[in-house]
Structures are given as structure tokens and as C-alpha cells.
Amino acid sequence: MKRVYIKTYGCQMNERDSEAVAAMLLRRGFALAPDEFSADAVLLNTCSVRELAESKAVGKAGHLCRLRKKSPDFLIGIMGCMAQNRGDALLTQVRGGVDLVVGTQQAHRIPEFLEELFARPNRGAPILALDAAEGSQEEIKDHLRCRPSAFISIQQGCDMRCSYCIVPKTRGRERSRSLAGIVAEATKLAEGGTKEITLLGQIVTSYGRNLYPKIGDKSPFVQLVEAVHDIEGIERVRFTSPHPHGFGPDLIDAFARLPKLCPFVHLPLQSGSNRVLKAMKRPYTRERYLEIVNALRAARPDISFCTDIIVGFPGETQEDFEQTAELFDTVKFEMAYIFKYSPRAGTPAAELTQALIPDEVMQQRNQILLEKLERYSLTANEKLVGTTQRILVEAPARKGQNIWMGFNPQHRKVLFETPPNTHPEGQLLNLKIERASAATLFGVME
Ligand code: 5AD
Ligand code: SF4
């Protein structure tokens, strides 16, 4: 039986694709290897959002070629965004070469490709599959097991064309799965013990807009959230990533109406300067962003916000940055992914080579926001000391014996100790919070 190891870089979409490919491989008679050394084939599921992510994956693939020396039949495959972005160029860019390059819309064919490669007597010509998907969008639906918290891919691609972003190139045009297919997947997961569903896509708020009409003022996305919310056994619903553009009254109202919809929103800001937002081609202003935050807070007073910010977009002045910093202080984000701008070939912003911000300046701006984040995150966590939090227990903690990890509705991580031989995985428990750091809450069972 051939063993495959999948190493994943990048976002939750890649994590989800890797899991689906792993489950498909098992169904086709492959085994999963725990690391590259015990594998007959390694698949790197890659990211292209920043240059660094790509160079790491190319370096890793080059290193893997050493394993061929021991075992000449060892196969190396590259999937995910970098496979789509660089395509056949990877055949020469990776020292030692690769056997398989599979784009983002062909991942479901990986078992078939590996079977073909393993069946050959000698390593022959590499297989390349970079085409756009045909027909149904239902391919990524397999799960390895029904985890307490599961991701469901509802939509792929993005039609927004933010000027810095490579995703429209690597993931293609927006394509949504059928509502019935998603509900069937969530129902099956719930029957297997899953309690929490996170609806996943590049721009989930656009879900289904080319497939389904609005019903009253409800967008297809809100219709989907409601349908998943109504599934028996599902206790929590989350989604990521939305676009501020998608927060109409229907979605804001959903947070007031739907108790299982968690009070946690990942709302990518990117910049707090209207001038920069315009250059990024983000169709909202800082004022509109704040309006959404305030409306969500009115709908769900316990809501917490997470964001994405890019510092050092070409031409970002000190004043532009200060507007971002000021907005950060106003919203008091408890979670944030802060990125230094990285030019991506083929995106409109990559042409702005005259206005590049020096790395030291980007680093400094990055640091200022990280310090703010640490402060707001700690303050938010400290406020919870002494309260009781409802936790969905997900897994044993990475460190420590009899320590388990779960999340509260606002997606704050909570660690707690159990008596030996207790297996609370998948349970919803009330925990009294005793201690807090910026990243973690420490609780005890009531
Ligand atoms: N440089 C830096 N950050 C980027 N992101 C997307 N493209 C770039 C880029 N070229 C960030 C955005 C996005 C997140 C997934 O990655 O903040 O929301
Ligand atoms: Fe990229 Fe913008 Fe689409 Fe997000 S909304 S995936 S940042 S183009």
C-alpha cells in the first residue's frame, strides 16, 4: 500500500482541501504517512498570497528531492495556489524536478494521478493538471472524520480583483456549491457528532449570487446560514472570510436572530485610509466599515472582531498608516492577521514599483499594530476572568497531560485540566475562567 504525506501551507481553504484529498486517498486504497520520511509520495499544498510562502514551498520541494536518492520511486507533487500560479515553470524551478503539478480546481483528481504515476515502471514525464473545473462544484466534500468543529467549503474563487491580490488568478472565478449539497454534508457531519460548522470560501458573503435569487431581502448566503443553523445537532455556525461589502441588513439581522451564529466576525479591513482602500480597489470607506462594526455590536453586544490588515501598500504614507492605527484603536480588534505588503506578479498593484515602502518602515508599522493587538487581546481575555464560558472541546492540548483545548463562542482558546482517562472531546462544557494570557484562557470545570 502506497503511503502519502500531505504538507499544507497557507489558509484554512488549503487545510480543508488537504483533508478532503487525504480522505479521497484513503477511499482509493492509499495510506496516509505521518511524515515525509515514511512516505512514498509527498504532496505540498501551497500558498501564493505572499512571496515568502512561495519561496518556502519551492525550497521544501528542492529538499525533498534528497529522498529520491534513497528511493528512486519517491514522488513529489505540488498542489494549491502556487501550483496554479506557476504551473509548468515549477518543473524547472524546483531543483531535482517534480512529478505532479495540480492546480486548485483539479485537486479531486489527485488519487487518479498518483495511481497513474505509481503504476509506471520508471518515473516518466510529470503530470500537469491546471485546467478550470468543469461542471459541479461538489468535489471537495470528503472528511477524514466528524470532528467537533468542521469546515465546509461552500464557494471557491473570487471576482473582486483587489489590486494586491493573487487569489482571483490562483483560485479562479467565483463558483458556489449547491445549497442542498452543503446542507447534506453538514447533516452527515452532525450525525457523526460534529457540533460546529465553519462555512469556508474566499468571499463567502457572495455565496450563491449567480445560482439563487434573494428571498425577500435575504441574500443566498443568509439563506444558507439559516439552513445550516436549522440542522439538528449543529450547535454553532461560523463563516470565513466575508467581505465588508456583503454585510447588508439581512446579515446583520441574522446575528440578532440566529442564536447558533457565533458572535465572532472575521472582517477584513486591509487599511483604515480611504485613499489606500481606493487604491486597493476595496469598495468601502473607513466610515462604512465602522458603521458595520457598530451595527453588528448593536445586534450582538457580545460580538468580537478579527481582521486582516496589510501595512506598506505602495504609496502608504505615515498619515495613511495612522488612520489604520486609529481605526484599530476604535474597533479594538481581539484577533488580527497583519501582513507586510508583498508584490505579486500579475496583480495591478505590482506595477506600482515607484511607490514601494521600504522594508524597515513596513516592519515598524507591523510592530505597532502587533503591539496594539497584544494589548486588546489581553484586555478582552482578562475581562473574562471570573466568568463562566461555554466551551466546545476540540482536542487534547499540544502540551501537558490531561489538558484539553476548546473555544468559546467568540473563538477565544481555552485550556483546562480533566481527571485522568477523561475524554471530553466534542462536548460543550461550562468552564470557570481563572487566568488569562493574550492568547489563551485557563479554565476549570464547574
Ligand atoms: N501582500 C500582503 N498581504 C496580502 N494579502 C493578500 N494579498 C497580499 C499581498 N500581496 C492578505 C490580505 C488578505 C489575506 C488573506 O492576505 O490581508 O485578506
Ligand atoms: Fe483577494 Fe480581495 Fe478576493 Fe479577498 S476579496 S480573495 S483580498 S481579491
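For the structure itself, consult the block above.
Residues numbered from 1 in each chain as written. Chains lettered and ligands numbered in written order. Predicted model: local features only at pLDDT ≥ 70, side-chain atom pairs only at ≥ 80, totals over all residues. Heavy atoms only, no water.

## A closer look at the overall build of the chain
Put simply, the rule reads: Helix and strand definitions here come from DSSP, where helices need a minimum of 4 consecutive H or I residues and strands a minimum of 2 consecutive E residues; each element is numbered from the N-terminal end. Note that the radius of gyration is over C-alpha atoms, with the globule rule given as 2.2 Å times the number of residues to the power 0.38. All accessibility values rest on the Shrake-Rupley procedure with a 1.4 Å probe; residue burial counts only the protein chains present in the view. In this tally Asp and Glu are treated as negative and Lys and Arg as positive; neither His nor the chain ends contributes. One atom stands in for each charge, and that atom is NZ of Lys, CZ of Arg, CG of Asp or CD of Glu.
Looking only at helices and strands, the chain has 13 helices and 19 strands in total. Its C-alpha atoms give the chain a radius of gyration of 22 Å, within 12% of the compact-globule value 22 Å for 446 residues. For the chain, the exposed area adds up to about 19,900 Å²; of that, 53% sits on carbon and sulfur atoms. Measuring between centres, the 58 positive side-chain charges of the chain sit 3 Å from its 53 negative side-chain charges.

## Brief notes about the packing of aromatic side chains
Heads up, the rule is: Each Phe, Tyr or Trp ring, with Trp reduced to its six-membered ring, pairs with another whose centre is within 6.5 Å; inter-plane angles below 30 degrees give stacked pairs, above 60 give edge-to-face pairs, and intermediate values give tilted ones. Classification of residues uses two cut-offs on accessible area relative to the type maximum, computed with a 1.4 Å probe and protein chains only: under 20% is buried, over 50% is exposed, and between them is partly exposed. In this scheme, Lys NZ or Arg CZ marks a charge over a ring once it lies within 6 Å of the ring centre and within 35 degrees of the ring normal.
One pass over the structure, following the stated rule, counts 10 aromatic pairs. A ring pair is formed by Y284 and Y289, whose centres lie 6.3 Å apart and whose planes are at 35°; its orientation type is tilted. Overall, the relative accessible area of 7% leaves Y284 in the buried class. The class of Y289 is buried, set by a relative accessible area of 0%. Grouping aromatic residues by their ring pairs yields a cluster made of Y284, Y289, F328, F333 and Y376. Over the ring of Y9 we find K7, and its NZ or CZ is 5.2 Å from the ring centre. Above the plane of the ring of F442 lies R435, whose end atom (NZ or CZ) is 4.0 Å from the centre.

## Concerning the site of ligand 1
So the rule is basically this: Think of it this way: one heavy atom of a residue within 4 Å of a molecule or strand is enough to make that residue near it. Nitrogen and oxygen atoms within 3.5 Å of one another constitute a polar contact, given that in protein one can donate a hydrogen and the other can accept it, and given that sequence-neighbouring residues count only through two side-chain atoms.
With respect to spatial proximity, the complete set of residues near ligand 1 consists of V49, R50, Y164, Q270, D308, I310, F339, K340, Y341, S342 and R344. Q270 is positioned such that a nitrogen or oxygen atom in its side chain is 2.7 Å from an oxygen atom of ligand 1. Here a nitrogen atom of ligand 1 sits 2.8 Å away from a polar atom, N or O, in the main chain of S342. For ligand 1, the accessible surface in isolation is 400 Å², of which the surrounding protein chains cover 85%.

## Quick notes on the pairing of strand β3 (residues 41-46)
In plain terms, the rule: Two strands make a pair as long as DSSP finds a minimum of two bridges between them.
Burial within β3 is extensive, with 6 of its 6 residues counted as buried. Of the two faces of β3, the one holding A41, L43 and N45 and the one holding V42, L44 and T46 are both buried throughout. Of the pairings in the sheet, the one linking strand β1 (residues 3-8) to β3 comprises 5 bridges and is parallel in character. Bridging across to β3, I6 finds its partner in L43. Of the strand pairs in this sheet, β3 and strand β4 (residues 75-80) are connected by 6 bridges, and their pairing is parallel. Residue pairing across strands places V42 opposite I76, the latter belonging to β4.

## Some remarks on the nonpolar core
In a soluble, globular protein the nonpolar side chains are often hidden away together inside. To be explicit about the condition: Nonpolar cores are built from buried Ala, Val, Leu, Ile, Met, Phe, Trp, Tyr and Cys residues. Side-chain atoms within 4.5 Å join them into one set. Note on contacts: a residue pair qualifies if any of its non-hydrogen atoms lie within 4.5 Å across the two residues.
Of all hydrophobic cores here, the largest spans 53 residues; its most connected members are L199, F247 and F255. Setting aside residues up to four positions removed in sequence, F247 forms contacts with T205, F239, P242, I252, F255, V265, L267, R288, I292 and L296.

## Quick look at the sheet that holds strand β14 (residues 335-340)
Let me state the cut-off plainly: Axes here refer to lines fitted to C-alpha atoms; in helices the fit is confined to the stretch in contact. Angles between the N-to-C directions go from 0 to 180 degrees.
The 3 strands are arranged β12-β13-β14 in an open sheet whose pairing can be described as parallel. Looking at which strands have only one partner, the edges of the open sheet turn out to be β12 (264-266) and β14. Between one strand axis and the next, the sheet turns through 10° on average, direction left out of account. As defined by bridge partners, strand β13 (residues 304-311) adjoins β14 across 6 bridges and the pair is classed as parallel. Of the residues in β14, the one forming a bridge with I310 is F339. Its contacts with the sheet put helix α12 (residues 318-331) on β13 and β14, and the angle it makes with β13 is roughly 170°.

## Things to note about the sheet that holds strand β6 (residues 127-129)
Across the sheet, which stays open at both edges, the 6 strands sit in the order β2-β1-β3-β4-β5-β6 with parallel pairing between neighbours. Strands with a single pairing partner mark the edges of an open sheet, and in this sheet they are β2 (31-32) and β6. Two elements, strand β5 (residues 100-102) and β6, share 3 bridges in a ladder whose sense is parallel. Of the residues in β6, the one forming a bridge with L100 is I127. Where helix α5 (residues 110-119) meets the sheet, it contacts β1, β3, β4, β5 and β6, and its direction lies at approximately 165° from that of β5.

## Describing the site of ligand 2
The condition is simple: Think of it as three bins: nonpolar holds Ala, Val, Leu, Ile, Met, Phe, Trp, Tyr, Cys and Pro, charged holds Asp, Glu, Lys and Arg, and polar takes everything else, Gly as well.
In the region of ligand 2, the neighbouring residues are C158, M160, R161, C162, Y164, C165, V167, P168, H243 and R282. Taken together, the residues that form the shell around ligand 2 break down as 7 nonpolar, 1 polar and 2 charged.

## Digging into the environment of A150
With respect to the helices and strands, A150 occurs in strand β7 (residues 149-153). According to the relative accessible area criterion, A150 is buried, its value standing at 3%. With 114 residues separating them along the chain, A150 and E36 place their C-alpha atoms 26 Å apart. Ignoring any residue separated from it by four or fewer positions in sequence, one finds A150 in contact with H143, L189, T194, E196, I197 and T198.

## Remarks on a positive patch on the surface
Rules: Nonpolar side chains (Val, Leu, Ile, Met, Phe, Trp, Tyr) are joined into patches within 5 Å and like charges within 9 Å, using only residues with over 30% relative accessible area and no salt bridge. One speaks of a salt bridge when a side-chain nitrogen belonging to Lys or Arg is within 4 Å of a carboxyl oxygen belonging to Asp or Glu.
There is a patch of like positive charges on the surface, built from R66, K69, K70 and R95. Positionally, K70 belongs in helix α2 (residues 51-70).

## Things to note about the pattern of salt bridges
Across all of its chains, the model carries 33 salt bridges by this definition. As a salt-bridge pair, E196 and R236 come within 3.7 Å of each other at their nearest N and O atoms. In this pair, E196 sits in strand β10 (residues 196-200) while R236 sits in strand β11 (residues 236-240), placing the two residues 40 residues apart along the sequence. Just as E196 is buried, R236 falls in that class too. In this structure, a network of salt bridges that share partners links the residues R16, E19, E138, R147, R177 and E185.

## Section: a nonpolar patch on the surface
A cluster of nonpolar side chains, L26, L32 and L144, forms an exposed patch at the surface whose accessible area comes to about 220 Å². Relative to the helices and strands, L32 is located in strand β2.

## Observations concerning the pairing of strand β16 (residues 403-407)
Each regular strand carries side chains that alternate between the two faces of the sheet. The element β16 is largely enclosed, with a buried count of 4 among its 5 residues. Here 4 bridges tie strand β15 (residues 388-396) to β16, and the two strands are oriented antiparallel to one another. When the sheet's bridge partners are listed, P396 is paired in β16 with W404. Linking β15 back to β16 in an antiparallel pair, the connection comprises 6 residues, with G400 at a positive phi of about 90°. Relative to strand β17 (residues 413-417), β16 runs antiparallel, the two being bridged by 5 bridges.

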